[in-house]
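# Commentary on secondary and tertiary structure
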Amino acid sequence: MSKHDATAPRLDKRTEAVHGGTRRSKYGEVSEALFLTQGFVYDTAEAAEARFIGAGPDEFIYARYGNPTVAMFEDRIARLEGAGDAFATASGMAAVNGALVSMLRAGDHVVSARALFGSCLYILEEVLTRYGVEVTFVDGADLGQWREAIRPDTKAVFFESMSNPVLELVDIEAVARLAHAQGALVVVDNVFSTPVWSRAIEQGADLVVYSATKHIDGQGRCLGGVILGTRDHIRGVVEPYMKHTGGSISPFNAWVMLKGLETLDLRVRAQTTCAKAIAEALEGHSALARVIHPGLPSHPQHDLAMRQLGAGGTMLALDLKGGKEAAFAFLNSLQIAVISNNLGDAKTIVTHPATTTHQRLEPEVRAALGIGDGVVRISAGLEAPDDLIADFLQALEPL
Ligand SMILES: *Cc1c(COP(=O)(O)O)cnc(C)c1O
C-alpha cells in the first residue's frame, strides 16, 4: 500500500478534502478502498510480536485501534482542519466524551458554556461530576463570566462555537487567551461552524470535536465523530482512552465520512447561501418575532461571526409570535422541508427544539437560553432556495 506522507506541505482545504490522507492499495484504485476488516494478518509470529511492541504509522493491529480506511479519514480531516492529528469516533458524542474524559481526573476543574447540545450537557453535568470533576457553567457570550470562572486549577474549557438552536457564538480567540493564561486546554464542539468555515485551531482551540453525522456525512446515513488536536495529544492522551474503551468508528462509517469530505466544501457553501437567502426572505415577516442567522446584520454577534468564520453558516432559527401552536401549524404545513432533529443534511430539516431536542430542560432554563415555544430551527439543505422560501412563506401565510 502506498503510504500517506504526513510531512507533505498542506494545500488549500478544498484540495486536502479530495486528496489528503489517501492510501492506495497495490490495485491503484481511484476511489479510496473500504477496508472492512477487523484484523490484520502477520507474515510470521515474529512480525506479530514486533507490531505489538510498537506499530508504525501505517501498521494496524485491530480495527478498534486503527484501520486503513479510518486512517485515511483521520488524516484527511486533520489536514483540512489544520490540526496535527485526529482520532475518529463512533459518534459525535463518543468524540465529546473522549476529548474530555481522556484528559480529566478527579479534582480537576472545567468551565463550560451553558448553552449545550443535550447529550453534551449530560456529560458535563452528570458524568464528569460523578467522577469528582468540578464543572462551572457560564454564559458563553459573556467574556467577563469566563474570566471570573477560569482558575489556576482549571484543566479545560468547553463550548459549542455556535450554539444550538439559537446560534449564539463564543469568541474562540478571546476565551482561548483567558484559558491559556491559566494553563487550561480549549475544547471546542465545532459542529455548527463546520470544517469549511472553521479556523478554530488557528484561533486557539487545542481540541476540536465534530459530529461527522452532520455536515461531513451530509446525507443522513451514518453516525460518526472526530477529535482533532496536536499529534502528541491525540496519540498520547486521546488514542489510549478511545482504543481501550471502544468508541472507535466502524471502517464502513469512516469510508462514508471520507467520501463525504470530498463534497463538503461545495455542500456547506451552497447550504450557507441557502440559509442566508431564507433568513433574508423571512426577516420582518409579520408572523415572526425574530429571524436568527449569524449572516444577517441584525444578529447581535454578526461582526464576530464574520471575523471568526467569514460566513453565517448553514443554520437559522425563527421565533414565531404565536408560540407552540403557530410553530406546530407552520411545521405541519411545510411541503418540502422535513420535520426531523438531524442537521447538515442535503434535505432541509425543521425542528421545534422546545418539544424535542430541548424538552428535557426546565421551562425556566429554556427561557434563559432563548429557546421559547415559538422557536423553530432550520437546517438549510441543497434544494433550490426559491422553492424553500416559497414553501416557508406559504406555511407562514395563515399565521
Ligand atoms: C449532533 C451533535 C452532537 C452529537 O453527535 P452524534 O453524532 O449525534 O453523537 C454533539 N454536539 C453537537 C453540537 C451536535 O449538533
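Residues numbered from 1 in each chain as written. Predicted model: local features only at pLDDT ≥ 70, side-chain atom pairs only at ≥ 80, totals over all residues. Heavy atoms only, no water.

To keep it simple, the criterion reads: UniProt positions are given in the numbering used here, feature names are shortened, and annotations may be inferred rather than shown by experiment.
The chain goes by O-succinylhomoserine sulfhydrylase in an unreviewed UniProt entry, where it is assigned to Citreimonas salinaria. Entered under Sequence similarities (unreviewed entry) in the UniProt record, the comment concerning the chain runs "Belongs to the trans-sulfuration enzymes family. MetZ subfamily." The Pathway (unreviewed entry) field of the UniProt record for the chain holds the comment "Amino-acid biosynthesis; L-methionine biosynthesis via de novo pathway; L-homocysteine from O-succinyl-L-homoserine: step 1/1."

### Some thoughts on empty space enclosed by the protein
The following threshold applies: Cavity means a closed set of points on a 1 Å grid over the protein atoms alone, one where a 1.4 Å probe fits but cannot get out, pocket means an open set with protein on both sides within 12 Å along at least 5 of 7 lines, and lining means a residue has an atom within 4 Å of a point. Grid points are joined across faces, edges and corners, and a volume is the space filled by probe spheres set on the points. The helix count covers DSSP runs of H or I at least four residues long, the strand count covers runs of E at least two residues long, and both are numbered beginning at the N terminus.
The full count for this structure, using the stated rule, is one cavity of 30 Å³ or more. There is about 40 Å³ of room inside the largest cavity. Along its surface, the largest cavity is lined by Lys-13, Arg-14, Ala-17, Leu-80, Val-196, Leu-261, Leu-264 and Asp-265. Elements represented by at least two residues in the lining of the largest cavity include exactly α1 (13–19) and α10 (251–282).

### Description of the side chain of Ser-193
Just so we agree on the cut-off: A simple rule labels every residue: compare its accessible area, found with a 1.4 Å probe on the protein chains alone, to the largest value its type can have, and call it buried under 20%, exposed over 50%, or partly exposed in between. Polar contact criterion, stated in full: a pair of N or O atoms within 3.5 Å, where within protein one must be able to donate a hydrogen and the other to accept it, and residues adjacent in sequence count only if both atoms are side-chain atoms.
Within the secondary structure layout, Ser-193 lies in the loop between β5 (185–189) and α8 (194–197). The exposure class of Ser-193 is buried, given its relative accessible area of 1%. Within the local environment of Ser-193, its side chain forms a polar contact with the side chain of Ser-161, the two groups lying 2.7 Å apart.

### So, the sheet that holds strand β1 (residues 85–89)
Threshold: The pairing criterion is simple: DSSP has to find at least two bridges between the two strands. To obtain each axis, a line is fitted to C-alpha atoms, and for helices this fit is confined to the stretch in contact; angles are then taken between N-to-C directions over 0 to 180 degrees. Here a residue-residue contact requires only that any non-hydrogen atoms of the pair lie within 4.5 Å.
The seven strands are arranged β1-β7-β6-β5-β4-β2-β3 in an open sheet whose pairing can be described as mixed. Strand pairing shows two members of the sheet lacking a second neighbour, β1 and β3 (134–138), which therefore form its edges. Shown here is a sheet whose adjacent strand axes are inclined to one another by a mean of 20°, direction ignored. Where strand β6 (residues 207–211) lies against strand β7 (residues 225–229), four bridges are found, and the strand directions are antiparallel. Paired with Ser-211 across the two strands is Gly-225, which belongs to β7. Helix α5 (residues 118–130) rests against β2 (109–113), β3, β4 (154–160) and β5 of the sheet, and its axis sits at about 150° to β3. Of the strands in this sheet, β4 and β5 touch helix α7 (residues 172–181), which is tilted by about 170° from β4.

### Points about the nonpolar core
Under the convention used in this document: Side-chain atoms within 4.5 Å link the members of a nonpolar core, which is a set of buried Ala, Val, Leu, Ile, Met, Phe, Trp, Tyr and Cys residues. Boundaries between domains were set according to an automatic or database domain assignment.
Within the largest apolar cluster, 91 residues are counted, with the highest numbers of intra-cluster contacts made by Phe-73, Trp-146 and Phe-159. At seven residues, α10 tops the list of elements feeding residues into this core. The residue makeup of this core includes at least three contributed by each of domain 1 (13–260) and domain 2 (265–396). In contact with Trp-146, not counting residues within four places along its chain, are Val-111, Ser-112, Ala-113, Val-138, Asp-139, Gly-140, Val-157, Phe-158, Phe-159, Val-170, Val-175 and Leu-178. With 27 residues, the next largest nonpolar core counts Ala-279, Leu-296, Val-350 and Ala-380 among its residues.

### Observations regarding the UniProt feature "modified residue: N6-(pyridoxal phosphate)lysine" (unreviewed entry) in the chain
The UniProt record marks Lys-214 with the feature "modified residue: N6-(pyridoxal phosphate)lysine" (unreviewed entry), using the residue numbering of this structure. One can find Lys-214 in the loop between β6 and β7. Discounting chain neighbours no more than four positions away, the residues touching Lys-214 are Val-191, Asn-342, Leu-343 and Gly-344.

### What to know about the pattern of salt bridges
Close approach of charged atoms allows side chains with opposite charge to pair. Applicable threshold: By definition here, a salt bridge exists when the distance from a side-chain nitrogen of Lys or Arg to a carboxyl oxygen of Asp or Glu is within 4 Å.
This model, assessed by the stated rule, comprises 23 salt bridges. For Arg-235, the salt bridge goes to Asp-85, with nearest N and O atoms at 3.0 Å. Note that Arg-235 is positioned in helix α9 (residues 231–245) and Asp-85 in strand β1, a separation of 150 residues in sequence. Residue class for Asp-85 comes out buried when judged on its relative accessible area of 1%. Measuring nitrogen to oxygen at the nearest pair gives 3.2 Å for the salt bridge that ties Lys-243 to Glu-239. Placement of the pair is Lys-243 and Glu-239 together in helix α9, with a separation of four residues, close to one helical turn. We classify Lys-243 as buried; its relative accessible area is 16%. Through salt bridges that share partners, Glu-74, Asp-85, Arg-231, Arg-235, Glu-239 and Lys-243 make up one connected network.

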